[in-house]
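Examining the three-dimensional arrangement
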Amino acid sequence: MILCFLPKTFVVQEPGNDYVTGTMTIHNENHIVEVNVRSGLYSSNTIFDYSSGYIATRLLSRRACFILKINKEYIPELEEIGRLAFERQTMKEIYSPNNVWVQFQSGHSVFGNIKDWLRYGKHIEQLCSDLPLYKLVKTQPPLNARGCDNAGIPNILGIKICEKFN
């Protein structure tokens, strides 16, 4: 098996929606996937850091960063994300993204410190420094998802971020 250590970039887009576009770059040598989605106020930047075991999403609309521990039960491996991106790029009519529903507790944010950045890694620190951090937990889809934010990888892995209400 030959591994490519050059970064591979894919253009990702929601089918039927020319407004939401993004790029996904896979850095195999660093075990990192960078996703940049451009959608006006609802733009996001996401880093999948397989070395540290965390995903971080910076949402422009909330001016915050959201951290999720990678769980192999619902987050694909690095190689799988690359395979799915290649398939979506070559067979554009296929549309069957997986969605991961997560929630955060408003008012329970922290600003990252040295201990956090050691745990999450330098790539996530670069993305999230100077922003409030919220820890995400997996949940079931809510009955009303209108207030949830979309992040992740368009047409491959949707991360639906919802605020937890008591």
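Shown above is the structure to which this text applies.
Residues numbered from 1 in each chain as written. Predicted model: local features only at pLDDT ≥ 70, side-chain atom pairs only at ≥ 80, totals over all residues. Heavy atoms only, no water.

Concerning the overall build of the protein
- Of the regular secondary structure elements, the protein holds 3 helices and 12 strands.
- Counting across all 166 residues of the protein, residues that qualify as buried make up 45%.
- Total accessible area on the protein stands at roughly 9,700 Å², and carbon and sulfur atoms take up 53% of it. (Helix = DSSP H or I, 4+ residues; strand = E, 2+ residues; numbered from the N terminus. Buried < 20%, exposed > 50% of the residue type's maximum accessible area, 1.4 Å probe, protein only. Areas by Shrake-Rupley, 256 points an atom, 1.4 Å probe, with all protein chains shown as cover.)

A short note on the state of the cysteines
- Going through the model one piece at a time under the given rule, you end up with 2 disulfides.
- The residue that forms a disulfide with C65 is C128, at a sulfur-sulfur distance of 2.0 Å. Torsion about the S-S bond of the C65 and C128 cystine: about -75 degrees, corresponding to left-handed handedness. Remark: C128 occurs in helix α3 (residues 122-128) and C65 occurs in strand β6 (residues 64-69); sequence separation between them is 63 residues. The same class applies to C65 and to C128, which are both buried.
- Shown here for the protein is a disulfide pattern of 1-2, 3-4, where each number marks a bonded cysteine counted in sequence order. (Disulfide = S-S within 2.5 Å.)

Quick look at the nonpolar core
- By size, the foremost hydrophobic cluster in this structure holds 30 residues, and its most contacted members are M24, V33, F48, I75 and I161.
- The set of elements that each furnish at least two residues to this core consists of β2 (21-27), β3 (32-38), β5 (54-59), β6, α1 (78-90), β7 (98-105), β11 (149-153) and β12 (157-164).
- No other element matches α1, which puts 4 residues into this core.
- Within the second largest apolar cluster, 13 residues are counted, among which are W117, I124, L131 and L133. (Core = buried A, V, L, I, M, F, W, Y, C linked by side-chain atoms within 4.5 Å.)

Comments concerning the environment of E79
- Considering the arrangement of structural elements, one finds E79 in helix α1.
- Residue class for E79 comes out exposed when judged on its relative accessible area of 52%.
- Considering only alpha carbons, one finds E79 and I26, 53 residues apart in sequence, at a separation of 9.2 Å.

As for the environment of T23
- Turning to its location among the elements, T23 is positioned in strand β2.
- For T23, a relative accessible area of 30% translates into the label partly exposed.
- In this structure, the C-alpha to C-alpha distance between T23 and T9, residues 14 residues apart in sequence, is 6.7 Å.

Brief notes about a nonpolar patch on the surface
- A cluster of nonpolar side chains, contributed by L41, Y42 and L60, occupies part of the molecular surface with about 340 Å² of accessible area.
- Residue position: L60 is located in the loop between β5 and β6.
- Accessibility expressed as a relative area gives 48% for L60, which makes it partly exposed. (Patch = residues over 30% accessible without salt bridge, like charges linked within 9 Å, V, L, I, M, F, W, Y side chains within 5 Å. Salt bridge = Lys/Arg side-chain N within 4 Å of Asp/Glu carboxyl O.)

Digging into the pairing of strand β9 (residues 132-135)
- As judged from the 3 bridges shared by β6 and β9, these two strands associate in the parallel manner. Bridge pairing in β9 links I67 to K135.
- Across 2 bridges, the pairing between strand β8 (residues 110-111) and β9 is antiparallel. Paired with V110 across the two strands is L133, which belongs to β9. (Pairing = 2+ DSSP bridges.)

Concerning the side chain of D149
- Examined against the element boundaries, D149 turns out to sit in strand β11.
- Judged by relative accessible area, which is 10%, D149 ranks as buried.
- Every residue in contact with D149, bar those within four places of it in the chain, is listed here: Y42, L59, S61, R62, I159, K160 and I161. (Contact = heavy atoms within 4.5 Å.)

Observations concerning the pattern of salt bridges
- For the structure on display, the rule yields 5 salt bridges.
- A salt bridge links K72 to E77, with the shortest nitrogen-to-oxygen separation between them at 3.7 Å.
- Between D116 and R119 there is a salt bridge, with its nearest N and O atoms 3.8 Å apart. Highlighted residues: D116 and R119, both in helix α2 (residues 114-120), separated by 3 residues, approximately one helical turn.

None of the figures reported here should be taken as evidence of function without further support.
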